[in-house]
Amino acid sequence: MDKVESLANEIYEKYKDYGVDRKEIVEKLKKLLLEFKVPESEAIRTMNNYIIREYKVPREELKEQFTKIGDIKEAGKWVSVKAKVVQLWESGSPSIAQTGLIGDETGVIRFLIWAKANKQPVVEGKSYIFRNVVVDDYGNVLRLNVTRISEIEELKEDIAVKPIEDLREDTEVVGALVAIQQNSGLIQRCGEEGCNRVIKSGKCPVHGKTKWYDDLRIKGVLDDGERTYEVIINEEGVKELTGIDIEKAKKMAEENYDRGAVLEELKKLLLGKYLKVVGSLTPRYLVAKQVEFYRPDIKNEINELLAELEEG
Amino acid sequence: MTVFMKREVARRVFAKELMDSTYAMRDEGEKSPVYILTPLGLKCNRVFIIGALTEKTDVGEDSSIYRIRITDQTGSFVGYIGRFQPEAYDAIAEIDVLNLVAVTAKVRLFEGETRKFVSLRPESISIADAESRDYWVVETAKATIQRIREMERGEGENVKLAREIYGTDVEEYRKAVKEALLRLKEEYTVEEEEEIVEEEEIEEEGDIDFDIEEEEIDLTELLED
Ligand SMILES: [Zn+2]
């Protein structure tokens, strides 16, 4: 089905109760899109206004079409969503007024409000309608862009956001591991059923002195120059990167009479390295499911950048 | 929703741009950290760099402070590591000069009597490999080109402020980025030539004409302005 047909169907579905003529919609759309070559969003707006006027559709009955965040799958689409601002991040660029995460009951997505859009700032924890925002793809992460033609309207109702633990969407992040926290390496966890908390100075924060078991992990900071991620890499990931598993780590600790020796070794091997991490992004942590050293095609990247510089 | 402490991002910036900086600023609010504003309008408090450790000198009493110099494709960063930064201090003690190092550091502006200059206060330092260094140059070039673009568009408070303070000539930085990239490219071109030579040796008589042609193409690319 071509673009005109599919758009016509969408519009027809929306207004069929008002006796609109499908053929008329197709003809008008053809004119707008093919003859006058107006942008798709303008064609839709024009059609909406025309039908509302000609068929006397009561404006208040017009149901706005909102997209669920979980249904946003591809770049290039214009959508309107009702969502809550889950988190705001520090904007790394003067051309971006605000950036962060918004969500509804189906998922969360990154969003950014361009400085040029000239909008009132949104507030963390408040819900809004984001009208006419465009989806783009930035390093394999979909984002909603608030531009000049977008509208932001504060909602009185509170939009429920899908619990972050339920989010199964994986994110890919490439960044430098700029810090490894002290509670990394060969750690002890509480052995009380279902607890698993990390033991500090021999005590579980809940169960006090208790039975424990060994675990190997890295809690660190991945930084791509634009934002930071608190990354958690489990034993499997540590082994993938360094060849050190729990058994090796225990041996290392025994030989040095110091569990800290494992952490020192991991720091030597991993600090300052570029990692590609695929994992689930919670508001606080990036929990790695797959991790590897990042090895891009440098020559290709150099040539692309040199070409960009030639363009001026 | 819990508010988490925002960690300052480690910016990617070449030595030339950072060391040309002479202006420090704060955000509104008492707890704001100090930022350096670079001539291209980057506001940074922390950097991540990969370069060659070209100097390491004891300057404090009883080796209590190391002065280090880290050189990239555009110039050198200067940093000081004292015992009050134990992680970096213990690490630098074991690293010899003329190694590639990866450094995460806070940036500081020292205001001397005659001039102001930027120095690094490393939080961590470790041995780096050449591949990571190459990607750092690529990443930093990308970030710098973006800043050049933003400065050319002249939008944003920091860009305007930087232009006012430094009267920035973006061409100077465009040139530095280009030179850094060309230097890196050279390395990859040489590597390829070596590979070709090796193949020739193994296969005895390779298609010599073809190889020469390819070499010529690579050289012209290098010389192109
Ligand atoms: Zn416990």
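Above this note sits the structure.
Residues numbered from 1 in each chain as written. Chains lettered and ligands numbered in written order. Predicted model: local features only at pLDDT ≥ 70, side-chain atom pairs only at ≥ 80, totals over all residues. Heavy atoms only, no water.

A.B. asks: Got a sec to walk through the overall build of chain A? Specific residues and values, please.
C.D. replies: Within chain A, the secondary structure is distributed over seven helices and 12 strands. Counting the 312 residues in chain A, one finds 46% classified as buried. Once local pairs closer than 6 in sequence are excluded, the contacts in chain A between residues at least 24 apart make up 59%. For chain A, the accessible area works out to roughly 16,900 Å², and carbon and sulfur atoms hold 46% of it. (Helix = DSSP H or I, 4+ residues; strand = E, 2+ residues; numbered from the N terminus. Buried < 20%, exposed > 50% of the residue type's maximum accessible area, 1.4 Å probe, protein only. Contact = heavy atoms within 4.5 Å. Areas by Shrake-Rupley, 256 points an atom, 1.4 Å probe, with all protein chains shown as cover.)

A.B. asks: Describe the overall build of chain B, listing the residues and the values that go with them.
C.D. replies: Tallying secondary structure elements over chain B gives six helices and nine strands in all. For chain B, buried positions account for 45% of its 225 residues. Pairs at least 24 residues apart make up 63% of the contacts formed inside chain B by residues separated by at least 6 positions. Put simply, chain B shows about 12,200 Å² of open surface, and 48% of that area lies on carbon and sulfur atoms.

A.B. asks: Now, about helix 6 (residues 260-270) of chain A: what can you tell me, with residues and values included?
C.D. replies: Among all positions in helix 6 of chain A, only Ala261(A), Val262(A), Leu263(A), Leu266(A), Lys267(A) and Leu270(A) are buried. Two residues or fewer past helix 6 of chain A, Gly272(A) is found with a positive phi of approximately 80°.

A.B. asks: Can you lay out empty space enclosed by the protein for me, pointing to particular residues and giving the numbers?
C.D. replies: All names here are of chain B. Within this structure, the stated rule accounts for one cavity of 30 Å³ or more. Roughly 40 Å³ of volume is contained in the largest cavity. What lines the largest cavity is Phe14, Lys16, Glu17, Leu40, Thr74, Thr144, Tyr173, Ala176 and Val177. Of all elements in the fold, only helix 1 (15-19) and helix 5 (170-202) reach the threshold of two or more residues within the lining of the largest cavity. Per-element tally for the lining of the largest cavity: the top contributor is helix 5, with three residues. (1 Å grid on protein atoms, 1.4 Å probe; cavity = no way out; pocket = protein on both sides within 12 Å on 5 of 7 lines; lining within 4 Å. Points joined across faces, edges and corners; volume = space filled by probe spheres on them.)

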